[in-house]
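So the chains spell out like this:
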Amino acid sequence: MSPSTPTAPPILALDRVSKSFGGLKAVADLTFGVQAGTITSLIGGNGAGKTTAFNLITGNIPPDSGRILLDGQRIEGLPPYRVARAGIARGFQELRLFNRLTSLDNVRVALPEQAGETLVSALLGGRTLGEANRRSEQRGHELLDGLSLASQEGALAERLSYGQQKLLALGRLLATDGRLLLLDEPTSGLSPAMVDDFCARMRALVDAGRTILLIEHNVEIVMRLSTWVIVMHEGTKIAEGPPEEVRRNVSVMHTYLGITD
């Protein structure tokens, strides 16, 4: 495939990134860009290297070679907290909620610049900490309200339905103020109605200025949502382009979609 690659500088770029585990090359010379204000989907079968790519981007593992750039600045090898501070927020297939905390507190713990984190606030204490707590509580209310979870803000995370837990995990991600969101199978396990709701929320996030890099196995969701699709197989990129162009690609049909005629 020879896609008409977007000309604007990407917010995220991978340049010949490779990673091996023992004799297994999980990612090999992976190169792609993610344009700001888009939903870019990373697809491929199990073992294609998608999760490894996410782990490399977020600093959970270092690459063996290659460059990873955010807004033109190299971030490969940085620890995850520095990648997060640079503006990348990642969601996981497993929700990783604090089940014994309320919905509000689950969101508040992800907010940047928590009360008492800085030397000044720790020294001043009292009034300064009180104001910071009020601000974080207000921001938590806003996030939950925007996700239709305002009525559940006092409920423990473990008491929420699975769909509500998915939304709460998204709220915690949004609390970080990350500009680039890495979402790993965000619609898995949801009812058709909740899938539609989640897709609408992802579109709204992009309309509000966020950028999404998505791992998703549901091809129809990928085709509905994506601006650009990248296909991986056995650690390498085998195709990329607009959704309909990728759907028509013969190698993708054979390798990923399982169509043989």
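Cut-offs applied
Residues numbered from 1 in each chain as written. Predicted model: local features only at pLDDT ≥ 70, side-chain atom pairs only at ≥ 80, totals over all residues. Heavy atoms only, no water. Salt bridge = Lys/Arg side-chain N within 4 Å of Asp/Glu carboxyl O. Helix = DSSP H or I, 4+ residues; strand = E, 2+ residues; numbered from the N terminus. Buried < 20%, exposed > 50% of the residue type's maximum accessible area, 1.4 Å probe, protein only. Patch = residues over 30% accessible without salt bridge, like charges linked within 9 Å, V, L, I, M, F, W, Y side chains within 5 Å. Areas by Shrake-Rupley, 256 points an atom, 1.4 Å probe, with all protein chains shown as cover. Core = buried A, V, L, I, M, F, W, Y, C linked by side-chain atoms within 4.5 Å. Contact = heavy atoms within 4.5 Å. Pairing = 2+ DSSP bridges. Axes fitted to C-alpha atoms, helices over the stretch in contact; angles between N-to-C directions. Expected span 1.5 Å × (residues − 1). Arc of directions from axis to C-beta.

Caption draft 1: Representation of the pattern of salt bridges in the model. Using the criterion set out here, one finds 16 salt bridges in the structure. The partner of Arg-108 in a salt bridge is Asp-105, with the nearest N and O atoms 3.9 Å apart. In this pair, Arg-108 and Asp-105 are both assigned in helix 3 (residues 103–108), three residues apart and thus about one turn of the helix distant. The salt bridge involving Arg-247 is made with Glu-244; its shortest N-O contact spans 3.7 Å. Highlighted residues: Arg-247 and Glu-244, both in helix 9 (residues 243–248), separated by three residues, approximately one helical turn. Classification of Arg-247 by relative accessible area gives partly exposed; the value is 28%. With a relative accessible area of 43%, Glu-244 lands in the partly exposed category.

Caption draft 2: Summary view of a nonpolar patch on the surface. A cluster of nonpolar residues, Phe-98, Leu-101 and Val-109, forms a patch on the protein surface that exposes about 240 Å² of accessible area. Looking at where Leu-101 falls in the secondary structure, it is placed in the loop between strand 6 (88–90) and helix 3. Exposure remark for Leu-101: the relative accessible area of 30% places this residue in the partly exposed category.

Caption draft 3: Local environment of the nonpolar core. If you look at the biggest cluster of nonpolar residues, it comprises 34 residues, and the most contacted ones within it are Leu-168, Leu-181, Met-202 and Ile-212. Ranked by residue count, the leading element in this core is helix 6 (residues 162–175), at seven residues. If sequence neighbours within four positions are ignored, Leu-168 has contacts with Leu-97, Ser-103, Asn-106, Val-107, Leu-144, Leu-149, Ala-157 and Leu-160. Of all hydrophobic cores here, the second largest spans 28 residues; its members include Phe-54, Val-83, Ile-88 and Ile-230.

Caption draft 4: Structural detail: the environment of Gly-49. If you trace the backbone, Gly-49 turns up in the loop between strand 3 (39–43) and helix 1 (50–57). Taking C-alpha positions, Gly-49 is 5.7 Å from Val-27, a pair spaced 22 residues apart along the chain.

Caption draft 5: Structural context of the sheet that holds strand 7 (residues 180–184). Strand order in the open sheet formed by six strands is 6-7-8-3-9-10, and the pairing between neighbours is mixed. Both edges of this open sheet fall to strand 6 and strand 10 (236–241), since each of them pairs with a single strand only. Each strand axis lies, on average, 20 degrees off the axis of its neighbour in the sheet, ignoring direction. In this structure, strand 6 lies alongside strand 7, joined through three bridges in parallel fashion.

Caption draft 6: Structural context of helix 7 (residues 192–207). Between its first and last C-alpha atoms helix 7 spans 23 Å; for 16 residues at 1.5 Å apiece the expected length is 22 Å, and the two agree. Within helix 7, the full set of buried residues consists of Val-195, Phe-198, Cys-199, Arg-201, Met-202, Leu-205 and Val-206. For helix 7, the buried positions fall inside an angular range of 160 degrees around the axis, keeping them on one side. Exposed positions of helix 7 whose direction lies more than 90 degrees from the buried face are Ala-193 and Asp-207. Taken from the residues just after helix 7, Gly-209 is the one with a positive phi, measuring 110 degrees.

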